[in-house]
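# Structural overview for review
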Amino acid sequence: MKFKILFCGALLSGSLLIPGMLHAQEPKEPDQVALANDEFENNFFEALKQKGIENYDKAIKSLEKCLAKDPQNAVVLHELGKNYLSLKNYPEAEKAFLKARDLDPNNRWYWQSLYDVYYETKDFNKSIPVVQKLTEWRKQYYQEDLVSLYMYTQQFDKALDLINEMEQTVGMSEKREMYKLQILSDSKYRKPQKETLEEAIKKNPKEESNYLELIYLYSESNQEQKAQEVAKKLEKEIPGSDWAQVSLFKFNLNNNDGKKAAESMFRVLDSKKIDRKIKHRVLNEFLIYASNNPQYTGDFDKAIGYFEDDKQVNVPKEIGKFFFSKNRYPEAIKYFERGLTQKPDDIETVELLLYTYTEAAQYDRLLKKSEEYIELYPTQARLYYFAGLASNQQKQYTKAKDYLETGIDFVVEDPELELKITKQLVDTYTALGDNKKKNEMAQRQAKLEKSKSN
C-alpha cells in the first residue's frame, strides 16, 4: 500500500519535472526530447520505488542521475534530502533541503524537512529561525514548538513573552503553565512583583493575565488564602474567566466544599480555552475526593461525559483502574464496562474487566463475557483461561476442559499464564476423573512452579 501511494505521487510530481528539465537545453528533435523525458522520469520513478522499499542508497543514485539533467530541480533535491535523512546522513540531508528551500522558499514542506533534520540532531538554535518561518503557515501549531525551543536554549525572556501572547490568543496549556512556573521560579523573572500586580489590577480590573500572575506568585510563597482572594476577585470582575475556576476548584477541594468544587469543575470541563490535560487533572482530583465522599458520585459520573470523544485517553478505563487498585470491584466493573462502550476493541480493557469479574467472584458474567470475546479474538490465550476458570467454578467441567486445552496451545512465552491454565486443568481433570491427564498436568505445574522460583 505504501509503495502504491508513493508511485501515484510520482505521477503527480513527474508532470512538474519535465519543463524544469528542458528550460536550459538547446532545441532538439522531438524523438530526442521524448527520450530525454523518459530517462528523467524513469530515474525519478525508480528513486521513489527504491525509497518505498527502503533501498535509500539506490534511490539516491537514481536521483543524482535526475540532477545531472536538471541540477536546479527543487522537487528532486527535496526527495534526495529525504533519502539522506532516512539514512541519518544529516549533513547531506541538510545540504539538499537548503538547496530546495532556496530554489522555492514558499514551499512549507522544504522548511519542515529542514526542521526534521535539526530536530533529530537536537540543533535547537538552528531550529528556531526555521520554526519562526513555519509559523507563517500554521501559527498556533508551530508556536508550541517555538516555546519549547526557547526553553531548551534558555531564552527565557522570549519564551515568557510568547507564553503570555498565547495565553491571550489560544488560552493556557499544561505544558506552557509548567514552563511559566519554571521561569517565574527565578527571581529575575518575577516582574512585575505582587505590589505592582495589585496596582495594575486596580487600574485595569479587566486584564485577566495580571490576576493569573498574582495567583502564581501567592501560591509559590504558600499564601493560599491570598491566592484564593485573587481568584475570587477575578471571578467577580471577569465572570467568564475559566482560569479563575481552575484556582477556585482547588481552593474549594482544600476547604472540603464539594458542592462548589463540582460547580467549578463543570465550568473548567465546559471551557474551550483550557487544555484537555488540565481537565484530566481536575477530573482526577475530583475522583479522589468523590471516592472518599460518595455523595458526589453523581457529579463525578456526569463529569465523565465530557470525555466521551477523547481519542487519546479512555477516561472510564483509567477510572476503572483506580477503583481496581482500591479493591472496589463493583465500581471498577462499572467503569471498565463503560470504557468498552467507548472503545469496544481495547483488549486490555477486556482483560481488566474479566479479571475484575474474577476478583468479585461474578463467574456467570465472567463466562458469558469471555465467551463473547473469544468469538472476536479466537487466538487470545488469556480469554480461554478466564472461560475455563468460570466453567470450573460453575462445575461445567467438559466445557472448562475444551477452553483450557485450546487456550494452553495459544500461550506464547508467558510462563505465568501457562501456570494458571495448568492449575485449572488439574482441577478439571480431577473433577472429570481423568487421573492420567491430571498427573500429567500436576507434573507440568510442578515444573513451572520450580522454574518460576528460580
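Everything in this summary refers to the structure shown in the same document. No experiment lies behind these values; they were computed from the predicted model shown. (Residues numbered from 1 in each chain as written. Predicted model: local features only at pLDDT ≥ 70, side-chain atom pairs only at ≥ 80, totals over all residues. Heavy atoms only, no water.)

## Topic: unusual backbone geometry
Located in the positive-phi region is E54, a residue other than glycine, with phi close to 65 degrees. Along the polypeptide, E54 turns up in the loop between α2 (30-52) and α3 (56-69). Of note, the phi angle at Q154 is positive, near 60 degrees, even though the residue is not glycine. Position of Q154 relative to the elements: it lies in the loop between α8 (139-152) and α9 (156-169). (Helix = DSSP H or I, 4+ residues; strand = E, 2+ residues; numbered from the N terminus.)

## Concerning helix α7 (residues 124-134)
Among the residues of α7, S127, I128, V130, V131 and L134 are the ones counted as buried. Considering only its buried residues, α7 is in contact with α6 (108-120) and α8. (Buried < 20%, exposed > 50% of the residue type's maximum accessible area, 1.4 Å probe, protein only. Contact = heavy atoms within 4.5 Å.)

## Overview of the packing of aromatic side chains
To describe a pair of aromatic rings, you give the distance between the ring centres and the angle between the ring planes. For the structure shown, the criterion picks out 16 aromatic pairs. With centroids separated by 6.4 Å and ring planes inclined at 70 degrees, the aromatic side chains of F286 and Y296 adopt a geometry described as edge-to-face. Residue F286 is located in helix α16 (residues 276-292), and its partner Y296 is located in the loop between α16 and α17 (297-304); the two are separated by ten residues in the primary sequence. In terms of burial, F286 and Y296 fall into one category: buried. Relative to Y355, the ring of F324 has its centre 5.6 Å away and its plane inclined at 50 degrees; by these criteria the two rings are tilted. Placement of the pair is F324 in helix α18 (residues 315-325) and Y355 in helix α20 (residues 347-359), with a sequence separation of 31 residues. Residue placement shows R101 over the ring face of W111; its charged tip is 5.0 Å from the ring centre. Sitting above the plane of the W109 ring, R108 keeps its charged end 4.3 Å from the centroid. (Phe/Tyr/Trp six-rings, centres within 6.5 Å; stacked < 30°, edge-to-face > 60°. Lys NZ or Arg CZ within 6 Å of the ring centre and 35° of its normal.)

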